Amino acid sequence: MALEEYRRKRDFKKTPEPPGTVAKQPARELFFCVQKHLASHLHYDLRLEHNGVLLSWAVPKGPSLDPKTKRLAMHVEDHPRDYGEFEGVIPEGYGAGIVMLWDTGTWTPEVTDVDAALKTGDLKFTLNGYKLKGSWVLVRTGGRGGSSDARQWLLIKHRDDWSGDLDITEFAPKSVKSSGDFEDILAEDMPAVWRSNRPAKGGEASAMLATIIERAAKVKAEREKPASEKKAAPARKQTRKTPRKKAD
Ligand code: MN
């Protein structure tokens, strides 16, 4: 609640009252998400709510929980706040492909002034998501020395209770919204796309997308089979000699 009602009832152009004194301490928790995006290349979009929009970085390899593994993060344009809830298919145009809501939660800046931190290129923050937690930093590395791309940042995990060697993108590859993988998202939400259409050829994404579309068709076909016809467990011969897999 905090200042929301206070602000709603006032026109700060007409009142000398300050619009709020808790500017450095958000009135409510700030949203963050990571969207796994199969477009021309697979990447992970980290988005942090700030001033009503989502600050966005495209992280090709996704976040790493290992402080030694610094991940390239390309600063991209701000996205609308609503986009942060989106999971589904972008049929055409920029970013065409499949978007999975890979993680979501709240974030807290560890700096007093986010805009200043963006300017200096050093934004420390805490995440409280399903998969990503604890302290992180985004550091701008581009734009120094003239030739490098000013949009280049690094996403780095700070050492804390939530850091470690676990490969989080491998360990937890699926959606926090639907629990599905890319093919499930297609199979659930866009049956018309995979059933009767093929993506337009020519883009880099089309080969990857075509594979996913095929997998989606299999997922759907498997789901629609009567229980008796569903794929049996691996043959007994193999399972007898295979040691039990360690739980992930
Ligand atoms: Mn993207």
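Everything numeric here is computed off the predicted structure, so don't read it as measured data. (Residues numbered from 1 in each chain as written. Predicted model: local features only at pLDDT ≥ 70, side-chain atom pairs only at ≥ 80, totals over all residues. Heavy atoms only, no water.)

*Asks:* How should I be thinking about the environment of Ala-39 in this particular structure?
*Replies:* On the secondary structure map, Ala-39 appears in the loop between strand S1 (30-38) and strand S2 (42-50). Remark: the alpha-carbon pair of Ala-39 and Ile-90, spanning 51 residues in sequence, is separated by 9.0 Å. (Helix = DSSP H or I, 4+ residues; strand = E, 2+ residues; numbered from the N terminus.)

*Asks:* How should I be thinking about the pattern of salt bridges in this particular structure?
*Replies:* Between side chains of opposite charge, a pair can form as their charged atoms come close. Scanning the model with the defined rule gives 7 salt bridges in all. When the shortest N-O distance is used, the salt bridge between Arg-47 and Asp-45 registers 3.4 Å. A relative accessible area of 2% places Arg-47 in the buried class. With relative accessibility at 5%, the residue Asp-45 sits in the buried group. We note a salt bridge from Asp-149 to Arg-151, for which the minimum N-O separation is 2.9 Å. We classify Asp-149 as partly exposed; its relative accessible area is 27%. (Salt bridge = Lys/Arg side-chain N within 4 Å of Asp/Glu carboxyl O. Buried < 20%, exposed > 50% of the residue type's maximum accessible area, 1.4 Å probe, protein only.)

*Asks:* What should I look at first to understand unusual backbone geometry in this one?
*Replies:* Only a minority of non-glycine residues have a phi that is not negative, and only a minority of peptide bonds are not trans. A positive phi angle is found at Asn-51, which is not glycine, with a value near 50 degrees. As for its placement among the helices and strands, Asn-51 is situated in the loop between S2 and strand S3 (53-59).

*Asks:* How should the coordination of the manganese ion be read in this particular structure?
*Replies:* Six octahedrally arranged donors around a metal ideally form angles of 90 or 180 degrees; four tetrahedrally arranged donors ideally form angles of 109.5 degrees. Taken together, His-37 (ND1), His-43 (NE2) and Asp-45 (OD) make up the protein donors of the manganese ion, found 2.2 to 2.3 Å from the metal. Here the donor residues of the manganese ion are spaced in sequence according to H-x5-H-x1-D. The exposure classification of His-37 matches that of Asp-45, with both residues buried. (Donors = N, O, S within 2.8 Å, 3.2 Å for Na, K, Ca; no water.)

*Asks:* Would you mind showing me how to read the packing of aromatic side chains here?
*Replies:* One pair of aromatic rings is described through two measures. These are the centre distance and the angle between the planes. Tallied over the entire structure, the rule returns 4 aromatic pairs. Judged by centre distance (5.4 Å) and plane angle (75 degrees), the ring pair of Trp-57 and Trp-153 falls under edge-to-face. Taken together, the residues span a long stretch of sequence, with Trp-57 in strand S3 and Trp-153 in strand S9 (residues 152-157) at a distance of 96 residues. Neither Trp-57 nor Trp-153 differs from the other in exposure class; each is buried. An angle of 35 degrees between the planes, with centres 5.6 Å apart, marks the rings of Tyr-83 and Phe-86 as tilted. The exposure class assigned to Phe-86 is partly exposed, which follows from its relative accessible area of 27%. Lying across the ring of Phe-31, Arg-81 places its NZ or CZ 3.9 Å from the centre. (Phe/Tyr/Trp six-rings, centres within 6.5 Å; stacked < 30°, edge-to-face > 60°. Lys NZ or Arg CZ within 6 Å of the ring centre and 35° of its normal.)

*Asks:* How should I be thinking about the environment of Ser-135 in this particular structure?
*Replies:* Residue placement: Ser-135 occurs in strand S8 (residues 133-140). Ser-135 sits in the buried class, given a relative accessible area of 14%. As a C-alpha pair, Ser-135 and Ile-156 span 21 residues in sequence and 9.0 Å in three-dimensional space. Ignoring any residue separated from it by four or fewer positions in sequence, one finds Ser-135 in contact with Glu-110, Phe-125, Thr-126, Lys-157, His-158 and Asp-160. Among the polar contacts made by the side chain of Ser-135, one reaches the side chain of Glu-110 at a distance of 2.8 Å. (Contact = heavy atoms within 4.5 Å. Polar contact = N/O pair within 3.5 Å; in protein donor to acceptor, adjacent residues only side chain to side chain.)

*Asks:* How should the pairing of S1 be read in this particular structure?
*Replies:* Note on strand geometry: in a regular strand, side chains alternate between the two faces of the sheet. Of all 9 residues that make up S1, 9 are buried, and the element is covered over most of its length. By the alternation rule, side chains of S1 split into Leu-30, Phe-32, Val-34, Lys-36 and Leu-38 and Phe-31, Cys-33, Gln-35 and His-37, which are all buried. Two strands pair when backbone bridges link them, and S1 and strand S6 (residues 97-109) are joined in this way by 9 bridges, in the antiparallel orientation. Residue pairing across strands places Phe-31 opposite Thr-106, the latter belonging to S6. Pairing of S1 with S2, which is carried by 7 bridges, proceeds in the antiparallel orientation. Looking at the pairing, Lys-36 lines up with Tyr-44 of S2. (Pairing = 2+ DSSP bridges.)

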